[in-house]
Amino acid sequence: MTLLLMAAGSGSRYGKLKQFDDLGPAGEFLMEFSIHDAIEQGFNHIVVITKAANQSFLQEHLSQRLPDNVKLDVLVQDINDLPKGVTLDTQREKPWGTAHAVWTARDVIKNDFVIINADDYYGQKAFEGAAKFVKNATENTYAIVGYSLKDTLSDHGSVSRGVCKANGEQLTSIVEHTKIVRKDDIIVDEDSGAQLAPDTIVSMNFWICNTSIFDYIETYFKNFLEEPSNLEKSEIYLPFVAQEMMSNGLIDINVIDSKSNWFGVTYYADKEEAVSTLADLTNKGSYPTPLWN
């Protein structure tokens, strides 16, 4: 089984490259705990998408720590990696977004796979549920691991979340909200002014897919690039691609209960709580320290 981690962000709100901040008791990166959880559930192929400047460092760092039976690919999300036949004349510097990051791995992933953010902690039970789904997956069924909105907010600013609607265990829609905040006792999307229920299920970019997504992203990307207004700053987001695939009847998407607590480091002020939480989990015996022997 394959785990893909998206680690190409710039950490603009965090103030530094949060993917490589030493949050664990022995200086581990947050992503290392997710990788450890995945390996414990039988994942044996780790794919990390990062920037060119970080590729060599991350390849060396992880290869020294992962078990010998785990394959590692560290790939660069390249702004010039475009669909065949597409040429652009643009001064763009910003990456093309999360769907493009996933598409970067099209030549190294050959089976069902899990996608996560490198700067989020998802919980051990979440990987247990994901592994079970992968082992029983059907060709046209994807999944997301869902979390309650109230448990995914930051006390230090707004967050972006994919707000989900479901019929039983089947996802019916996912809509990206980019400025969600808690104000007193309510949760509000500042862009629209809409109030959101605390127990609303949200996607934290924990997806379970198969390789059919690569061809669809390429088609989606081509169409996206045909619109001149997209060329400078717009991005292609993974939830948009999945929603379109679902709307077109190509896939169903199941919603898996994470049965875990999420935390992340959107803002630098989130670091203290993340360090404390990882220390508590380690002290309780959930993780060894150091994480890798």
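Before reading further, recall that the structure is shown in the block above.
It should be emphasised that the depicted structure is a prediction, and the values quoted were computed from it without experimental measurement. (Residues numbered from 1 in each chain as written. Predicted model: local features only at pLDDT ≥ 70, side-chain atom pairs only at ≥ 80, totals over all residues. Heavy atoms only, no water.)

Asker: Would you mind showing me how to read the packing of aromatic side chains here?
Answerer: Aromatic ring pairs are described here by two measures, namely the spacing of the ring centres and the angle between the planes. Scanning the model with the defined rule gives 15 aromatic pairs in all. Ring plane angle 80 degrees and centroid distance 5.3 Å describe the contact between Y237 and F240, whose orientation is recorded as edge-to-face. Residue Y237 is classed as partly exposed on the basis of its relative accessible area, which comes to 31%. Looking at R92, its charged tip hangs above the ring of W96, at a distance of 3.9 Å from the centre. Here R106 stacks its cationic end above the ring of W103, 3.6 Å away from the centre of that ring. (Phe/Tyr/Trp six-rings, centres within 6.5 Å; stacked < 30°, edge-to-face > 60°. Buried < 20%, exposed > 50% of the residue type's maximum accessible area, 1.4 Å probe, protein only. Lys NZ or Arg CZ within 6 Å of the ring centre and 35° of its normal.)

Asker: What am I meant to see in the pairing of strand 6 (residues 141–148) here?
Answerer: A large share of strand 6 lies buried, amounting to seven of its eight residues. In this structure, strand 6 lies alongside strand 12 (residues 252–257), joined through six bridges in parallel fashion. Paired with Y142 across the two strands is I253, which belongs to strand 12. (Helix = DSSP H or I, 4+ residues; strand = E, 2+ residues; numbered from the N terminus. Pairing = 2+ DSSP bridges.)

Asker: Help me out: how do you make sense of the pattern of salt bridges in this one?
Answerer: Where side chains of opposite charge bring their charged atoms close, a pairing between them can arise. If you walk through the whole model with that rule in mind, you get ten salt bridges. A salt bridge links D73 to K71, with the nearest nitrogen and oxygen atoms 3.9 Å apart. A residue is classified by how much of its surface remains accessible, and K71, at 47% relative accessible area, is partly exposed. Put simply, E235 and K94 hold a salt bridge, and the shortest N to O gap is 2.9 Å. With E235 in the loop between helix 5 (212–225) and helix 6 (238–247) and K94 in the loop between strand 3 (71–76) and helix 3 (98–103), this pair connects stretches of sequence that are 141 residues apart. (Salt bridge = Lys/Arg side-chain N within 4 Å of Asp/Glu carboxyl O.)

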